[in-house]
Structures are given as C-alpha cells and as structure tokens.
Amino acid sequence: MRSIGPIPSDIAIIGEAPGANEDKQGEPFVGAAGQLLDRMLAALGLTRGEAGPGRQVFIANTLKCRPPHNRNPEPAEVAQCRPYLQRQIELVQPDLILALGRFAAQTLLAGVVPDVDKLPLGKLRGQVYRVDGRPVVVSYHPAYLLRSPAEKGKT
Ligand code: URA
C-alpha cells in the first residue's frame, strides 16, 4: 500500500458538510457558497488547489457525507467523522485553520473553549485559539453570508 506523506498547506478551511453539488462532484465547496468562498480567497490573493507547489489552501468538511435533506449534523455523526478530519489536518499540517460556521467551530474547539456548543458564532469570532499547537480562527459560513450579505464586511 502506498503511504501518504505530509502535504503541507498554508491554511486549512473547514466547513460543515457536503451539499448536493459537493456530493455529486466529490469536492468540498463547489456550489454557490463555494463560489463565494473562492471570491473571498481571491480577494486575499489565495487559491485552493491540489497538493504541490503553489498550494495554499486546503478545504475540507467536518462531516464527510451529506446529511439527509441538508439537515444539521447530529452529534454522533460529527463524532464519527472527527478522526478522519483530525487525520486530514495531521497530513496537511496547516499553519492556520479557519473554521467556517458553527459546526466546524464547535468540532475544532471542543475541549478548548468551555461550553463551546452554547456560544453563538459571533462570540467565537475575532480570537485566535490554539488547538494541538495550531492557531484556529472562526468565521461566518459562506452560506450564511449569502443569506446575510450585510455580514460580509466583517468576514
Ligand atoms: N457547505 C459546507 O459546509 N461545505 C461544503 O462543502 C458546501 C457547503
């Protein structure tokens, strides 16, 4: 079996779960929210890409499968996917992790921020947390920004 070595990225962006488009294409953030995310990254001079030179941004989801009817992830589903996400982060060795939205933030900050599941996302933003020695920041999910464009400026 081929072993997979580290594939370093500058930033790992962690979303919630694949939607219908992502499920079809097998890629995270390819629908409308992903297009907004790409525009935001481009505004910062960043691109997403495969492993290799020039790779800057690795994007993954907290959940690896689409919850039926796009419902919110269940705690048991998050728990089941968590080791996979942790392994992805270990392989990518990002300098910074950006958690987009409530579920990514709660998953990544569990055990780091007390009662993280009770805190609104707005309270988790604007700080740098350290998780396993890596800086983690939290921001609004692009799907939320599509519904609430007034919040884009903060993001
Ligand atoms: N929303 C997410 O959180 N992830 C995706 O891949 C697409 C939409």
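Above: the structure in question.
Residues numbered from 1 in each chain as written. Predicted model: local features only at pLDDT ≥ 70, side-chain atom pairs only at ≥ 80, totals over all residues. Heavy atoms only, no water.

Details of the overall build of the protein chain
Counting secondary structure elements, the protein chain contains six helices and five strands. Counted from the first residue to the last, the protein chain has its helices and strands arranged as β-α-α-β-α-β-α-α-β-β-α. A total of 155 residues make up the protein chain; the buried ones form 43% of that total. A separation of at least 24 residues holds for 62% of the contacts in the protein chain among residues at least 6 apart in sequence. Total accessible area on the protein chain is roughly 8800 Å²; 54% of this is exposed by carbon and sulfur atoms. (Helix = DSSP H or I, 4+ residues; strand = E, 2+ residues; numbered from the N terminus. Buried < 20%, exposed > 50% of the residue type's maximum accessible area, 1.4 Å probe, protein only. Contact = heavy atoms within 4.5 Å. Areas by Shrake-Rupley, 256 points an atom, 1.4 Å probe, with all protein chains shown as cover.)

Considerations on the environment of D132
Considering the arrangement of structural elements, one finds D132 in the loop between β4 (129–131) and β5 (134–139). C-alpha separation for the pair D132 and V112, spaced 20 residues apart in sequence, amounts to 9.6 Å.

Details of the pattern of salt bridges
Taken as a whole, this structure holds five salt bridges when the rule is applied. Between R71 and E77 there is a salt bridge whose closest N-O contact spans 2.7 Å. Assessed through its relative accessible area of 29%, R71 is described here as partly exposed. (Salt bridge = Lys/Arg side-chain N within 4 Å of Asp/Glu carboxyl O.)

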